[in-house]
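# Breakdown of the fold
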Amino acid sequence: MKELILKNFPDLNHHELLKGIEAYGKLKTIESGEVMMEVGRYVKAIPLVTKGRLKVFREDDEGRELFLYYINPGETCAISLVCSERDRQSKIKAVAIEDSEFIAVPIRFMDEWMQQYKPWYYFVMETYRSRFEEVLNTVDSIAFHKLDERLLEYINKHLEVEGGDILHTTHQDIANELSTSREVISRLLKQLEKKGVVKLSRNQIELLK
């Protein structure tokens, strides 16, 4: 496990900290589409992602989603860190969008390691900072951008994460994440296609350059 940690989390290269993660962390796998974290459940472990990608979002009673951020290899979930501090229930949902792997670290070590190991302290603080900026960007997008601008921003952001020029998704999934209807997304995408911005195919969107 030590090599796996150092490969994905090189900043955690501290002898005693690595021993602690190796001793108490459990390597787990999760299949694409499987829920890692559910709303209302108590957070029992901090996931250090080593493979794949997970999507973190808010979900209302009608199943509409508000995308917050992805968790990629070398990252963890900031909200799980927050919930772990006082044994709180999760307010978000995290779903694997690829077959993924992570090291589950029991939350009881959160505060202890923050005080004992500077690399862990800086890792947690940087996670808070970067995720806070991502959530602020989401709020700004909702508050200040029109839906067509948000849609194009959504496409660009997801392609930046996935790499390449083709986004594999459905109009319904986009609608869920942007809190609108599938019909509205389909209409806006067709408008973008007429302008030569995108090319649409079944369950995929190609961004034209």
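In short, a report on the structure. (Residues numbered from 1 in each chain as written. Predicted model: local features only at pLDDT ≥ 70, side-chain atom pairs only at ≥ 80, totals over all residues. Heavy atoms only, no water.)

### Side note on the pairing of strand β6 (residues 93-96)
The alternating pattern of β6 places K93 and V95 and A94 and A96 on opposite faces, both of which are buried. In this sheet, β6 lies alongside strand β2 (residues 35-37) in antiparallel orientation, the contact comprising two bridges. Residue pairing across strands places V35 opposite V95, the latter belonging to β6. Strand direction decides the pairing type here: strand β4 (residues 54-59) and β6, joined by four bridges, are antiparallel. Bridge pairing in β6 places V56 opposite A94. (Buried < 20%, exposed > 50% of the residue type's maximum accessible area, 1.4 Å probe, protein only. Helix = DSSP H or I, 4+ residues; strand = E, 2+ residues; numbered from the N terminus. Pairing = 2+ DSSP bridges.)

### Some remarks on the sheet that holds strand β9 (residues 198-201)
Ordered by their spatial adjacency, three strands build an open sheet running β8-β10-β9, and the pairing between neighbours is antiparallel. Two strands bound the open sheet, and with one partner strand each, they are β8 (166-168) and β9. Going from strand to strand, the sheet's axes swing by 20 degrees on average, the running direction of each strand aside. Docked against the sheet, helix α6 (residues 147-162) engages β8, β9 and β10 (204-207), running at close to 95 degrees with respect to β8. The strands that helix α8 (residues 182-194) touches are β9 and β10; relative to β9, the one it contacts most, it runs at about 125 degrees. (Axes fitted to C-alpha atoms, helices over the stretch in contact; angles between N-to-C directions. Contact = heavy atoms within 4.5 Å.)

### A closer look at α6
Here α6 is 16 residues long and its end C-alpha atoms lie 22 Å apart, about the 22 Å a rise of 1.5 Å per residue gives. Residues R150, L151, Y154, I155, H158 and L159 constitute the buried set of α6. Buried residues of α6, viewed axially, fall in a sector of 165 degrees; they line one side. With its phi angle positive at about 85 degrees, G163 sits one or two positions after the end of α6. (Expected span 1.5 Å × (residues − 1). Arc of directions from axis to C-beta.)

### So, the nonpolar core
In this structure, I21, I46, L48, V56, W113 and W120 are the most contacted members of the largest nonpolar core, which totals 37 residues. Among the elements that take part in this core, strand β7 (residues 100-106) stands out by supplying four residues, more than any other. Not counting residues up to four positions away in its chain, the partners in contact with I21 are M1, I5, L12, L48, I103, V105 and W113. In this structure, L178, I185, L188 and L189 belong to the second largest nonpolar core, which totals 16 residues. (Core = buried A, V, L, I, M, F, W, Y, C linked by side-chain atoms within 4.5 Å.)

### Thoughts on unusual backbone geometry
Trans is the prevailing form of peptide bonds, just as negative phi is the prevailing case for residues other than glycine. Phi at N203 is positive, roughly 60 degrees, even though this residue is not glycine. Residue position: N203 is located in the loop between β9 and β10. Residue classification places N203 among the partly exposed positions, given a relative accessible area of 41%.

### Considering the sheet that holds strand β1 (residues 26-30)
Within the open sheet, the three strands sit side by side as β1-β7-β3. Their pairing is antiparallel. Looking at which strands have only one partner, the edges of the open sheet turn out to be β1 and β3 (45-51). Taking the axes of each pair of neighbouring strands and ignoring which way they run, one obtains an average angle of 35 degrees across the sheet. Across six bridges, the pairing between β3 and β7 is antiparallel. By the bridge assignment for β7, V49 is matched with F102.

### Focus: a nonpolar patch on the surface
A grouping of Y121, Y122 and M125 is seen on the molecular surface, where their side chains present a nonpolar patch of about 290 Å² in accessible area. By secondary structure assignment, the location of Y121 is in helix α5 (residues 118-144). Take Y121: its relative accessible area is 31%, and that puts it in the partly exposed class. (Patch = residues over 30% accessible without salt bridge, like charges linked within 9 Å, V, L, I, M, F, W, Y side chains within 5 Å. Areas by Shrake-Rupley, 256 points an atom, 1.4 Å probe, with all protein chains shown as cover. Salt bridge = Lys/Arg side-chain N within 4 Å of Asp/Glu carboxyl O.)

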